[in-house]
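One-letter residues, chain by chain:
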Protein chains: 2
Amino acid sequence: MYIAMNRFRVLNERTHDFEQMWINRESRLHEVPGFVEFHLLKGPDREDHRLYSSHTVWRSHDDFIAWTKSDAFRTAHARAGANNTQPMMAGPSEFEGFHVLQEVKADGSKKVMAAE
Amino acid sequence: MYIAMNRFRVLNERTHDFEQMWINRESRLHEVPGFVEFHLLKGPDREDHRLYSSHTVWRSHDDFIAWTKSDAFRTAHARAGANNTQPMMAGPSEFEGFHVLQEVKADGSKKVMAAE
């Protein structure tokens, strides 16, 4: 299992626009092989901006890599940049990928996973 | 839904010890009201250290706050510090809490959530 996060530093006065942009976007992620789930996360306040993060769970790192090389990825990211007419960010976004090493569920079960 | 992440910058030569410490620890998280799931995440390599993150999903922010004020929290964190005899970290850990704003599942369903 692999978690891809993109961290966004959104200017305080643009947080509403940023949230609406994500919530109203058309997403075809669920059609991509290996996609498990997506969450948009609202993080802590930081002086002139607020931290947000996209948070996508993939079955494996390979599934994530395959998606980044697909036409679907290029289409989604071309669209995302299209309505950036006013500055929305306090800096560039930052990608962080995580391999899941261990899982503990609410029933108390534990699982150790290999970082593929 | 609320995601609590603690980011750890682990010295390259201590990553094995760090992983084993987490994997072998006794966890009672599943007994805590509102706990959904826990993942230990292995992140990117960064010069002299590697980024790791604990990643705990809570039903709500209130459940998370209640846990941080509980005896269970104090016990877990007292134990975590007990075997730090050699430096393991390239710097202090960093907490980041996230409110889940939107969810997209593999069946294509979408849900917008309030950040409680």
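See above for the structure.
Remember, it's a predicted structure, so these values are computed and weren't measured experimentally.

Draft legend 1. Layout of the packing of aromatic side chains. Enumeration according to the criterion identifies 24 aromatic pairs over all chains in this entry. Summarising the aromatic geometry, the rings of B:Trp22 and B:Phe38 are spaced 5.7 Å apart at their centres and angled 10° between planes, so their arrangement reads as stacked. Here B:Trp22 is found in helix H1 (residues 15–24), whereas its partner B:Phe38 is found in strand S2 (residues 35–46), with 16 residues between them in sequence. A network of ring pairs unites the aromatic residues A:Tyr2, A:Phe35, A:Trp58, A:Phe64, A:Trp67, A:Phe73 and A:Phe95 as a single cluster. Note that A:Arg25 overlies the ring of A:Phe38, its terminal NZ or CZ placed 4.6 Å from the centroid.

Draft legend 2. Local environment of the relation of the copies chain A and chain B. Rotating chain A by 180° about the axis while translating it 0.0 Å along that axis superimposes it on chain B, leaving an RMSD of 0.0 Å. The transformation just described matches what one would write down for a two-fold rotation axis. Every residue of chain A has its C-alpha some distance from the rotation axis, and the shortest such distance is that of A:His55, at 5.8 Å.

Draft legend 3. Quick peek at the pattern of salt bridges. Throughout the structure, instances matching the rule amount to 26 salt bridges over all chains. As a salt-bridge pair, A:Arg28 and A:Glu26 come within 3.7 Å of each other at their nearest N and O atoms. A:Arg28 sits in the partly exposed class, given a relative accessible area of 48%. Across the pair A:Glu96 and B:Arg46 runs a salt bridge, and its minimum N-O distance is 3.2 Å.

Draft legend 4. The arrangement of the interface of chain A and chain B in detail. Between chain A and chain B, the contact holds 43 residues from the first and 43 residues from the second. Both sides of the chain A and chain B interface together cover about 3,400 Å² of buried area, and 58% of this is carbon and sulfur. Our count for the contact surface shared by chain A and chain B stands at eight salt bridges. A salt bridge links A:Glu37 to B:Lys105; the shortest N-O distance between them is 3.0 Å. For the pair chain A and chain B, the interface holds 23 residue pairs in polar contact (both at pLDDT 80 or more). The class makeup of the residues in the side of chain A that touches chain B is 20 nonpolar, 10 polar and 13 charged. Where strand S2 (residues 35–46) of chain A meets strand S4 (residues 94–105) of chain B, six bridges bridge the pair, whose relative direction is antiparallel. Across the sheet, residue A:Leu40 finds its bridge partner in S4(B), namely B:Gln102.

Definitions and cut-offs
- Residues numbered from 1 in each chain as written.
- Chains lettered and ligands numbered in written order.
- Predicted model: local features only at pLDDT ≥ 70, side-chain atom pairs only at ≥ 80, totals over all residues.
- Heavy atoms only, no water.
- Phe/Tyr/Trp six-rings, centres within 6.5 Å; stacked < 30°, edge-to-face > 60°.
- Helix = DSSP H or I, 4+ residues; strand = E, 2+ residues; numbered from the N terminus.
- Lys NZ or Arg CZ within 6 Å of the ring centre and 35° of its normal.
- Least-squares fit on C-alpha atoms with pLDDT ≥ 70 in both.
- Salt bridge = Lys/Arg side-chain N within 4 Å of Asp/Glu carboxyl O.
- Buried < 20%, exposed > 50% of the residue type's maximum accessible area, 1.4 Å probe, protein only.
- Contact = heavy atoms within 4.5 Å.
- Buried area = accessible area lost by both parts, 1.4 Å probe.
- Polar contact = N/O pair within 3.5 Å; in protein donor to acceptor, adjacent residues only side chain to side chain.
- Nonpolar A, V, L, I, M, F, W, Y, C, P; charged D, E, K, R; others polar.
- Pairing = 2+ DSSP bridges.

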